[in-house]
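So the chains spell out like this:
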Amino acid sequence: MSDIVDPSCGPATRQTVLIVDDLPVNLAFVAGVLEAECEVIAASDGTSALRLAAEALPDLILLDVRMPGIGGFEVCRRLKASALTAPIPVIFLTSLSDPDDEAEGLEIGAIDYIVKPFNAPVLRARVRNHLRLARQHELLERMAQCDGLTGIANWRAFDAFLERQWRHQERLRRPLAVLMMDVDHFKAYNDALGHLNGDRCLRQIARAVADARLRGPGLVARFGGEEFACVLPDIDAGAALHVGERMREAVEALRIPHPASSTAPRVTLSIGGATAIPGPGLDAGALLEMADEALYAAKRAGRDRVVIRT
Ligand SMILES: Nc1nc2c(ncn2[C@@H]2O[C@H](COP(=O)(O)OP(=O)(O)OP(=O)(O)O)[C@@H](O)[C@H]2O)c(=O)[nH]1
């Protein structure tokens, strides 16, 4: 994910439905029923359905049950067992009308079960409803990752990203850095200029710090209050100091007057960082604690500076 989370649905892009059926005539008929509603992609067996689902990440899958090779129930189980494809809603579209089959299909994770022969307008309406739900679900997911004040990632997104990156770097035996940032004398800023100006200041800082991260993998998030945090994979202590300095300078360059600060006439940022190669005896929480200690060292040393621990 990027640092700036777009909590809107964006322009209403056409959603994609993957239809899976071993009979070309069925694929063509279902595609004809749905083409006014969505983009349609098709697979004629279980193996290509699994591949296409992982590649295209469709918004919905319409899945036949009886197919040569991997059957529809097994395809559904494998889709739900993969973190990548598990969120994609699956509807079985099948000639198996036995309630036991229907119950099994729903129990293994399908969101709906439609028995063939189906009525075209009913199928179209059901697919439309499920696509609307999928869009709402996606919007909620995005909002849950977004900090409401600044529009950058929130602590929840940060935690998930840090855990993922920790495991990834552990496998590669490569370093990971965390930077913790805290606006200096922000209580005094609020007291002197008011909470609304404080909010505006936090928004400006969030943008500046997120932009200063530049390209490559990593994430800047609002950690809470006037604290921000950043995860940077493949970064050693020297490079972490460099990125931290760039972020500190980006806030300095905003030249936001801070009449109540004893550090500088402008708003400044203290940054504490830590780097480690993930391995036994160390977890992501310990790295965060090290960065937090470095932040307090930066505060004690006079603020408006970067301190890195290894
Ligand atoms: N405007 C605004 N203020 C906030 C927000 N979240 C936290 N704060 C304020 O941030 C201030 C943080 O103050 P302290 O933790 O005492 O730290 P500080 O004054 O920045 O001092 P040092 O960190 O020691 O430099 C508090 O006054 C909070 O009310 C917010 O969303 N908006």
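Rules and cut-offs
Residues numbered from 1 in each chain as written. Predicted model: local features only at pLDDT ≥ 70, side-chain atom pairs only at ≥ 80, totals over all residues. Helix = DSSP H or I, 4+ residues; strand = E, 2+ residues; numbered from the N terminus. Expected span 1.5 Å × (residues − 1). Buried ≥ 20, exposed ≤ 12 C-beta atoms within 10 Å, placed from the backbone. Arc of directions from axis to C-beta. Contact = placed C-beta atoms within 7 Å. UniProt positions renumbered as here; feature names shortened; annotations may be inferred. Pairing = 2+ DSSP bridges. Right-handed = clockwise from strand over helix to strand, strands pointing away.

**Quick notes on helix H8 (residues 195-212)**
Right, so step 1: With 18 residues, H8 ought to run about 26 Å at 1.5 Å a step, and its terminal C-alpha atoms sit 25 Å apart, in line with that.
Right, so step 2: When H8 is considered as a whole, its buried residues turn out to be Cys201, Leu202, Ile205, Ala206, Val209 and Ala210. What you see down the axis of H8 is that its buried residues fit within an arc of 160°, all on one side.
Right, so step 3: Where H8 is buried, its residues touch strand S6 (176-183), helix H7 (186-193), strand S7 (219-224), strand S8 (227-233), helix H9 (237-254) and strand S9 (269-276).
Right, so step 4: One or two positions beyond H8, positive phi appears at Leu214, with a value near 60°.

**Let's talk about the UniProt feature "modified residue: 4-aspartylphosphate" (unreviewed entry) in the protein**
Right, so step 1: On the UniProt side, "modified residue: 4-aspartylphosphate" (unreviewed entry) is annotated at positions that read Asp64 here.
Right, so step 2: In this fold, Asp64 is placed in the loop between strand S3 (60-63) and helix H3 (72-81).
Right, so step 3: Apart from the residues lying within four places of it in its own chain, the contact partners of Asp64 are Val20, Asp21, Asp22, Gly72, Leu93 and Thr94.

**Side note on the pairing of strand S4 (residues 90-94)**
Right, so step 1: For S4, the tally of buried residues reaches five of five residues, placing the bulk of the element in the interior.
Right, so step 2: Across the two faces of S4 the burial is the same, with Val90, Phe92 and Thr94 and Ile91 and Leu93 all buried.
Right, so step 3: Where S3 meets S4, three bridges bridge the pair, whose relative direction is parallel. Residue Ile61 lies in a different strand from S4, and its bridge partner there is Val90.
Right, so step 4: Read from S3 through H3 to S4, the crossover connection turns out right-handed.
Right, so step 5: For the crossover that starts at S4, traverses helix H4 (residues 99-107) and ends in the parallel strand S5 (residues 112-115), the hand is right-handed.

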